[in-house]
Amino acid sequence: MAVVYLTRRANFSSAHRLHSPELSAEENRIIFGKCNNPNGHGHNYTLEVTVRGEINPVTGMVLNLTELKKAMEEAVIDEVDHKHLNLDVPIFREINPTAENMVVVFWKLLEQRLKGGILHEVKLWETENNVAVYRGE
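A quick note: this is a predicted structure, and the numbers were derived from the prediction, not measured.

Colleague: Please clarify how the nonpolar core should be interpreted in this entry.
Modeller: The nonpolar side chains of soluble globular proteins are, as a tendency, buried together. Phe12, Leu47, Phe106, Leu110, Leu114 and Leu124 are the most contacted members of the largest nonpolar core, which totals 32 residues. Residue assignment for this core shows that the elements contributing at least two residues are β1 (3-16), β2 (41-54), α2 (65-80), α4 (99-113), β4 (119-125) and β5 (131-134). Discounting residues that sit within four places of it in the chain, phenylalanine 12 has contacts with His43, Asn44, Tyr45, Leu47, Ile77, Val80, Asp81, Met102, Phe106 and Leu124.

As structure tokens, then:
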């Protein structure tokens with residue numbers, strides 16, 4: 001049976017401040033530079049979620065894209081869109097919202113909604129040049 005990878009994309013806008021409480025103020029400024037601005041800074045993110053599986057012989061689909069869209073919206077987009085991640089999103093009060101940390105958090109949130117091990121990859125574009133990818137490893 002053929003295994004197909006199906007990807008859906010969504011966009012959201014969020015602000016964040018990159019800052020580690022384990023570092024001094026000076027170390028944070030050196031490591032994170034302008035991304036350590038006390039008031040934060042924003043990005044227009046693109047989230048790509050890929051599922052994998054066999055094509056259902058009755059529906060002709062791996063997963064109904066409406067289900068994938070709903071999972072992405074409810075688990076991620078509704079929680080982070082037009083929010084300051086450090087201040088408005090509880091999980092990022094304790095986790096530095098780097099693209100790397102965000103993609104792992106988003107995987108965990110999506111995995112709860114997409115049962116059966118169908119989730120293959122979560123990709124987060126922070127800018128057109130910077131992307132973080134996580135495959136549950």
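Colleague: For this particular structure, what's the right way to read the pairing of β1?
Modeller: Across a regular strand the side chains alternate sides, sitting on one face of the sheet and then on the other. Where β1 lies against β2, 14 bridges are found, and the strand directions are antiparallel. Counterpart to valine 3 in the pairing with β2 is glutamate 54. In this structure, β1 lies alongside strand β3 (residues 83-84), joined through two bridges in parallel fashion. The partner of serine 14 across the bridge, within β3, is lysine 83.

Colleague: I'm lost on the sheet that holds β5 in this one. Help?
Modeller: Within a sheet, each strand pairs with its neighbour through backbone hydrogen bonds, oriented either parallel or antiparallel. Overall, mixed pairing links the five strands, which are arranged β3-β1-β2-β4-β5 in an open sheet. Each having just a single partner strand, β3 and β5 make up the two edges of the open sheet. Against the sheet, α2 contacts β1, β2 and β3, and its axis sits at roughly 20° relative to β1. Each of β1, β2, β4 and β5 is contacted by α4, which is oriented at about 145° to β4, the strand it contacts most.

Colleague: Please explain the pairing of β5 as it appears in this structure.
Modeller: The two faces of β5 differ: Ala132 and Tyr134 on one face are buried, but Val131 and Val133 on the other face are not. Across four bridges, the pairing between β4 and β5 is antiparallel. Of the residues in β5, the one forming a bridge with valine 122 is tyrosine 134. Connecting the antiparallel pair β4 and β5 is a turn made up of five residues.

Definitions and cut-offs
- Residues numbered from 1 in each chain as written.
- Predicted model: local features only at pLDDT ≥ 70, side-chain atom pairs only at ≥ 80, totals over all residues.
- Heavy atoms only, no water.
- Core = buried A, V, L, I, M, F, W, Y, C linked by side-chain atoms within 4.5 Å.
- Buried < 20%, exposed > 50% of the residue type's maximum accessible area, 1.4 Å probe, protein only.
- Helix = DSSP H or I, 4+ residues; strand = E, 2+ residues; numbered from the N terminus.
- Contact = heavy atoms within 4.5 Å.
- Pairing = 2+ DSSP bridges.
- Axes fitted to C-alpha atoms, helices over the stretch in contact; angles between N-to-C directions.

The analysis is restricted to geometry; functional conclusions fall outside its scope.
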